[in-house]
Amino acid sequence: MTVISLISSTKCFGGLQKIYSHQSKELACEMKFAVFLPASVEERRLPVLYWLSGLTCNETNFIQKAGAQRYATENNLIIVCPDTSPRNVNIPGEDDSWDFGSGAGFYVDSTQEPWSKHYRMFSYVTQELVDVVNNNFPTLSNKMSIAGHSMGGHGALICALKNPGLYKSVSAFAPISNPTKCPWGEKAFGGYMGAESKDEWKNWDATELVAKYNGPPLELYLDQGSEDSFLKDGQLLPQNLVDACRAAQVPCVLNMRDGYDHSYFYVASFIGEHIAYHARHLQ
């Protein structure tokens, strides 16, 4: 069993918001994750909602800004928030830009040196972290859902689409929906997988993956603010994903939120709806 070390524990809405560290075999470095445990874990095992955060974030942004603990308590869900990339692995250039390297793992498994040794966030989130959580907390190991914001919304979508049946539901706030067609994705995928490996890029793009999804029924539950500057700049491209879902006959809901931007003010405004959505699927 992986040894986890408690960094902090704070009472919140009757439960405990904790942060832990552990040595990750998948990423070959120390990683941190946050876990919210409602008070009801003292009485029974609970389902888990995994939350993936966006560019420049770590394991703390969501737990400090989204107000999700209240809804997790009301719906009897454990929420787990990993960091967004490996940290301090001493790769030249890892801290040079905000949208690649540290804080920008994009939830892919890199195939390109020197990133491939450490930048394996997909396998970390979908395998190693799940094992760590299930071995250390009172979870219902067969009841998991996944959600995220921006880069993390992209991550949530590909984790669900590439692992049919692993998650009971998936939702995404302002996801990078078609990364092979936007500047953020082109930069990240070019670095992590090689500029010439564009066929491989498609294996990490929700809009491409939907076309070949073959698994249990899965609805993509999407959220997008109308005044999101990254939407207007062509980084998010949610309509491409909606169109791909329609063509593939994969259920998709896109909630357009009039006047909202890309920030955690927006996420906090609708996180209750998303948690209630996942709770229904995790019953």
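Cut-offs applied
Residues numbered from 1 in each chain as written. Predicted model: local features only at pLDDT ≥ 70, side-chain atom pairs only at ≥ 80, totals over all residues. Heavy atoms only, no water. UniProt positions renumbered as here; feature names shortened; annotations may be inferred. Contact = heavy atoms within 4.5 Å. Helix = DSSP H or I, 4+ residues; strand = E, 2+ residues; numbered from the N terminus. Buried < 20%, exposed > 50% of the residue type's maximum accessible area, 1.4 Å probe, protein only. Pairing = 2+ DSSP bridges. Axes fitted to C-alpha atoms, helices over the stretch in contact; angles between N-to-C directions.

**Q** Please provide a residue-by-residue account of the UniProt feature "active site" (unreviewed entry) in the protein chain, values included.
**A** Per the UniProt annotation, the sites labelled "active site" (unreviewed entry) are Ser150, Asp228 and His262. These residues run over 113 residues, yet every pair of their C-alpha atoms falls within 10.9 Å of each other. Beyond its immediate chain neighbours, meaning those up to four positions away, Ser150 contacts Phe173, Ala174, Pro175, Ile176, Trp184 and His262. Residue placement: Asp228 occurs in the loop between strand 8 (220-225) and helix 8 (229-232). Asp228 gets classed as buried once you look at its relative accessible area, which sits at 0%. Excluding anything up to four places from it in sequence, Asp228 contacts Ala174, Leu236, Tyr260, Asp261 and His262.

**Q** Mind laying out the sheet that holds strand 4 (residues 46-52), listing which residues take part and the relevant values?
**A** The mixed open sheet is built from 9 strands, whose spatial order is 1-2-3-5-4-6-7-8-9. On the outer flanks of this sheet lie strand 1 (4-12) and strand 9 (252-257), each paired with one strand and no other. With strand direction ignored, the average angle separating the axes of adjacent strands in the sheet is 20°. Direction of pairing for strand 3 (residues 29-37) relative to strand 5 (residues 78-82): antiparallel, over a ladder of 4 bridges. Bridge pairing in strand 5 places Ala34 opposite Cys81. With respect to the sheet, helix 2 (residues 68-75) is in contact with strand 1, strand 2 (15-24), strand 3 and strand 5, its orientation differing from that of strand 3 by roughly 60°.

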